[in-house]
Amino acid sequence: MANRKKKSTRKSVNLALQGGGSHGAFAWGALDQILDDGRIDIEAVSATSAGAMNAVVLADALTDGDRDHARERLSAFWKAIADAGSAYNPVRPLRDWSGRALPVEQSPFYWMFDTMTRLFSPYQLNPINFNPLRQVLEKHVDFEKLRRTRGMAIHLCATNVETGKVRIFNRAEVTPDTVLASACLPILFQTIEIEGAHYWDGGYIGNPAIFPLIYASDSRDVVIIHINPIVRHGVPKTAPEILNRINEISFNSSLMREMRAIAFVTRLIEHGKLKASEMKQMLIHSIRDDAAMTAHPVASKMNPDWGFLCELRDSGSATTRQWLRAHYADIGRRSSVDLQAEFL
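If you're wondering where the values come from, they're calculated on a predicted model, not measured in any experiment. (Residues numbered from 1 in each chain as written. Predicted model: local features only at pLDDT ≥ 70, side-chain atom pairs only at ≥ 80, totals over all residues. Heavy atoms only, no water.)

Relative to the 32 Å expected for 22 residues at 1.5 Å per residue, helix H4 (residues 67–88) spans 31 Å between its end C-alpha atoms, a close match to the ideal helical length. For H4, the complete set of buried residues consists of Arg67, Ala70, Arg73, Leu74, Phe77, Trp78, Ala80, Ile81, Ala82, Ala84 and Gly85. Packing partners of the buried residues in H4 comprise helix H2 (25–37), strand S2 (40–47), helix H3 (50–62), helix H7 (132–140) and helix H13 (306–327). Near the N-terminus of H4, the side chain that reaches the backbone nitrogen of aspartate 68, with its oxygen 3.0 Å away, is that of aspartate 66. (Helix = DSSP H or I, 4+ residues; strand = E, 2+ residues; numbered from the N terminus. Expected span 1.5 Å × (residues − 1). Buried < 20%, exposed > 50% of the residue type's maximum accessible area, 1.4 Å probe, protein only. Contact = heavy atoms within 4.5 Å. Polar contact = N/O pair within 3.5 Å; in protein donor to acceptor, adjacent residues only side chain to side chain.)

Now the structure itself:
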């Protein structure tokens, strides 16, 4: 009876997955809860950086239509990230007497590496351009199958280094290179070249990009899974606090601009100044916990410790459970975010 009830009330949405290094494990937890809940079908996903990795693992796993299998695949992927980090990550957290990893910003390895990346480029520090993420992706995603099969639409965002323009890679274009282009932080990795163009992390221009979901999807609902906190109370005064807040604002700026545009169009439609038939009125939802994510500074985005990733997963899962209880009924009917209050 429960399964029939879930099937009869299922709704279709689009997902927007932000990037944020290891903090992408929060979105892993959110996706795991959505899959476990069973009432939501995902028409399309727009994603950047760590969000792009979540997206391709999810899309590949869902090609077979098994949600439990997709949950297992996401878990295996993030465990592989932790294992690769343990083997290759130059930023190693210290551990207390019980073996628990301490915050990465307390590690001298972090500050040594941070200084090195400010003095030398990845072309100097990593001339062979080794990236362990490529091995993890190739092992956990069947890219050839993903490109030749139909299913959830994919839109991965990258930044063209020379033009500064956004590049969206769709499902038929997804390769390890397009995912790595979306996740190419220029202080860590050499640019990714695709068809003669060079790309950096998509977070600089679209974190994630919302417009592909407006133009290419039937569903009007967009569920944004936030990684970077929008609100952080208090004025940062130390150098690490200031750099941390700059990072958060920078990697939210493109999303904020698109949300302001959507809010503006929505207001015109609601006030009768624009016909709904002329413009698509989007319904925006946010899975977001600024209070939880502000507890983790930008340095921890480089912390792939398994215990830390599981902590973020559990936080994302709990936040999503709460969101589903409060706002599932809003899907297809109205935005569960006050666009004017949040963005105008």
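What follows continues from the structure just given.
With that out of the way, let us pick up helix H5 (residues 108–119). Since there are 3.6 residues in each turn of an α-helix, residues three or four apart along the chain are aligned in direction. Look at H5: 17 Å from first C-alpha to last across 12 residues, which is about the 16 Å you get at 1.5 Å a residue. Looking at H5, one finds that the buried residues are Tyr110, Phe113, Asp114 and Thr117. Along H5, the residues classed as buried sweep out an arc of 105° about the axis, all on the same side. Residues Met112 and Leu119 are exposed on H5 and point more than 90 degrees away from its buried face. (Arc of directions from axis to C-beta.)

Taken across its 5 residues, strand S7 (residues 221–225) has 5 buried, putting it largely inside the fold. In this structure, strand S1 (residues 11–17) lies alongside S7, joined through 4 bridges in parallel fashion. Looking at the pairing, alanine 16 lines up with isoleucine 224 of S7. In the sheet, S7 pairs with strand S8 (residues 283–287) via 5 bridges, with the strands oriented parallel. Its bridge partner being in S8, isoleucine 224 is matched across the sheet by serine 286. The handedness of the S7 to S8 crossover, carried by helix H11 (residues 239–270), is right-handed. (Pairing = 2+ DSSP bridges. Right-handed = clockwise from strand over helix to strand, strands pointing away.)

Relative to the helices and strands, threonine 117 is located in helix H5. A sequence separation of 70 residues divides threonine 117 from isoleucine 187, and the C-alpha atoms of the two residues are 6.0 Å apart. Threonine 117 has contacts with Leu125, Ile187 and Leu188, leaving out every residue within four places of it along the chain.

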